[in-house]
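The primary structure of each chain is shown beneath.
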Amino acid sequence: MNPLEIDRLSKTYRGKRLAKVAALSDLSLQVGSGEVFGFLGPNGAGKSTTIKSIMGFIRPDAGTVTLFGKPVQDPASHLRVGYLPENPSFYDFLSAREYLRFVGRAFGMDAGAIASRSAQLLELLDLAGAADRPMRGYSKGMVQRLGLAQAMLHDPDLYILDEPMSGLDPVGRSLVKEIIRDLKRRGKTVFFSTHITADVEVVCDRVGIVVGGRLRAIDSVANILQSGLEGYLLQVTRGGAQEELQVEKAQLQQVLSDLVAAGATIDRIEPQRKDMEAFLLEILAHQHDDRA
Ligand SMILES: Nc1ncnc2c1ncn2[C@@H]1O[C@H](COP(=O)(O)OP(=O)(O)OP(=O)(O)O)[C@@H](O)[C@H]1O
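The model shown is predicted, which means the values in this text are computed figures rather than measured ones.

Draft legend 1. Structural context of the UniProt feature "domain: ABC transporter" (unreviewed entry) in the chain. In the UniProt entry, the feature "domain: ABC transporter" (unreviewed entry) is given for residues 4-237. Taken end to end, residues 4-237 is 32% helix and 31% strand, and its two terminal C-alpha atoms sit 52 Å from one another.

What follows is the structure, given as structure tokens:
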């Protein structure tokens with residue numbers, strides 16, 4: 001049973017003067033147990049609408065979402081889910097510790113478990129020093145980190161994170177990436193939305209690319225990066241001098257054996273590949289071609 005299954009989801013909003021905005025069209029995907037899945041797309045692609053449908057906050061026009069086999073309309077389907085909203089905002093007269101106590105109670109945790117788990121997460125997310133101050137004095141990054149702490153509090157099996165790295169400085173971003181990697185090591189499943197391609201490259205097993213409410217590509221990150229391999233840059237020493245050679249993908253074996261036969265030393269072989277950003281930009285360019 002997959003932690004998350006989205007089947008043929010469609011959603012249309014009414015925009016200005018009741019004009020229809022097709023936010024999602026026939027979107028399907030599954031996320032397997034223990035997977036880190038990146039939901040990548042530009043602004044307005046439909047990422048938050050998908051996440052709100054997963055959380056049961058909006059009702060799609062068509063399609064279904066199930067969490068661990070249960071439809072999202074069933075409140076019990078969310079018990080094993082940790083959710084981080086886009087731009088979290090909390091009761092700002094509470095302190096972080098008080099807020100976590102409130103969240104823990106909502107999940108039915110006992111007081112001892114809430115206290116020890118809160119202390120551990122406040123430390124992990126670098127909030128221990130501010131834990132007993134009202135949240136109204138928190139920076140954007142602190143609120144975002146508290147958002148992740150509240151999502152982790154009840155140790156859920158599935159994480160639904162809407163732009164978890166947003167509003168964070170480089171230290172915060174790297175902390176959140178490390179936390180996601182650690183969740184994976186512990187067998188948890190993570191689904192997160194982003195428009196930052198580099199974040200997908202470094203933490204995700206698979207990626208789904210959404211543009212204009214449609215899923216345009218879905219594949220493992222390794223496959224995408226491998227298929228983007230264009231050639232190699234070789235650094236060699238020949239006749240006492242170092243030089244760089246550009247080699248096509250199919251020629252590598254031949255060039256290497258010729259170089260070795262000629263007595264050259266191979267100092268470095270660097271794969272040259274299109275990255276995730278190039279892959280996304282190609283999809284976006286095709287999307288514009290389709291519209292033209
Ligand atoms: N409540 C709403 N009423 C009308 N249109 C909406 C509403 N919410 C979203 N939309 C539109 O639906 C489309 C998808 O929006 P959505 O917020 O899901 O995209 P997103 O990928 O999360 O974008 P971003 O990265 O900017 O947060 C956009 O065209 C958006 O303007």
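Draft legend 2. Broad picture of the nonpolar core. Core analysis: the largest hydrophobic core is formed by 61 residues, its most contacted members being Leu127, Leu148, Ala149, Tyr159, Ile160, Val190 and Phe191. In terms of residue count, the dominant contributor to this core is helix 4 (residues 140-152) (six residues). Those residues in contact with valine 190 that lie beyond four places of it in its chain are Val36, Phe37, Tyr159, Leu161, Ile180, Leu183 and Lys184.

Draft legend 3. Structural detail: the site of the ligand. The full set close to the ligand counts 13 residues, and Tyr13, Asn43, Lys47, Ser48 and Thr49 are the nearest of them. Put simply, the parts of the chain that give the shell around the ligand at least two residues each are strand 2 (20-31) and helix 1 (47-54). A per-element tally of the shell around the ligand places helix 1 first, with three residues. A per-class count over the shell around the ligand returns four nonpolar, eight polar and one charged.

Draft legend 4. Region of interest: the packing of helix 2 (residues 96-106) against helix 3 (residues 111-124). Packing of helix 2 against helix 3 brings their axes to within 10 Å, and their N-to-C directions diverge by 130 degrees. Taken as axis vectors, helix 2 and helix 3 run oblique relative to one another. Handedness of the crossing formed by helix 2 with helix 3: right-handed. For the pair helix 2 and helix 3, the contacting residues are Ala96, Arg97, Leu100, Arg101 and Gly104 in the first and Ile114, Ser118 and Leu122 in the second. Of the residues that constitute the contact of helix 2 with helix 3, the class distribution is four nonpolar, two polar and two charged.

Draft legend 5. Region of the structure containing unusual backbone geometry. Within the chain, aspartate 26 stands out as a residue other than glycine whose phi angle is a positive 55 degrees. Note on placement: aspartate 26 falls in strand 2. Assessed through the 13 C-beta atoms surrounding it within 10 Å, aspartate 26 is described here as partly exposed. The backbone phi angle of glutamate 163 is positive, close to 50 degrees, even though this residue is not glycine.

Draft legend 6. Representation of the sheet that holds strand 1 (residues 4-14) within the structure. Taking strand neighbours across the sheet as the criterion, the four strands line up as 2-1-4-5 in an open arrangement whose pairing is antiparallel. Here the strands that pair on one side only, and so sit at the sheet edges, are strand 2 and strand 5 (70-71). In terms of strand pairing, strand 4 (residues 62-67) meets strand 5 through two bridges, oriented antiparallel. Bridge assignment links leucine 67 to a residue of strand 5, and that residue is lysine 70. Contacts between helix 1 and the sheet are confined to strand 1, strand 2 and strand 4, with strand 1 contributing the most and set at about 120 degrees to the helix.

Draft legend 7. Looking closely at helix 1. For helix 1, the buried fraction is high: six of the eight residues fall into the buried class. Restricting attention to buried positions, one finds in helix 1 the residues Lys47, Thr49, Thr50, Ile51, Ser53 and Ile54.

Draft legend 8. Looking closely at the pairing of strand 4. Where strand 1 lies against strand 4, five bridges are found, and the strand directions are antiparallel. Looking across to strand 4, one finds that glutamate 5 is bridged to threonine 66. Linkage of strand 4 to strand 5, two consecutive antiparallel strands, is achieved through a turn of two residues, within which phenylalanine 68 is found at a positive phi near 50 degrees.

The rules behind these values
Residues numbered from 1 in each chain as written. Predicted model: local features only at pLDDT ≥ 70, side-chain atom pairs only at ≥ 80, totals over all residues. UniProt positions renumbered as here; feature names shortened; annotations may be inferred. Helix = DSSP H or I, 4+ residues; strand = E, 2+ residues; numbered from the N terminus. Core = buried A, V, L, I, M, F, W, Y, C linked by C-beta atoms within 7 Å. Buried ≥ 20, exposed ≤ 12 C-beta atoms within 10 Å, placed from the backbone. Contact = placed C-beta atoms within 7 Å. Near = placed C-beta within 6 Å. Nonpolar A, V, L, I, M, F, W, Y, C, P; charged D, E, K, R; others polar. Axes fitted to C-alpha atoms, helices over the stretch in contact; angles between N-to-C directions. Parallel < 35°, antiparallel > 145°, perpendicular 65-115°, else oblique. Left-handed = near helix turned anticlockwise from the far one by under 90°. Pairing = 2+ DSSP bridges.

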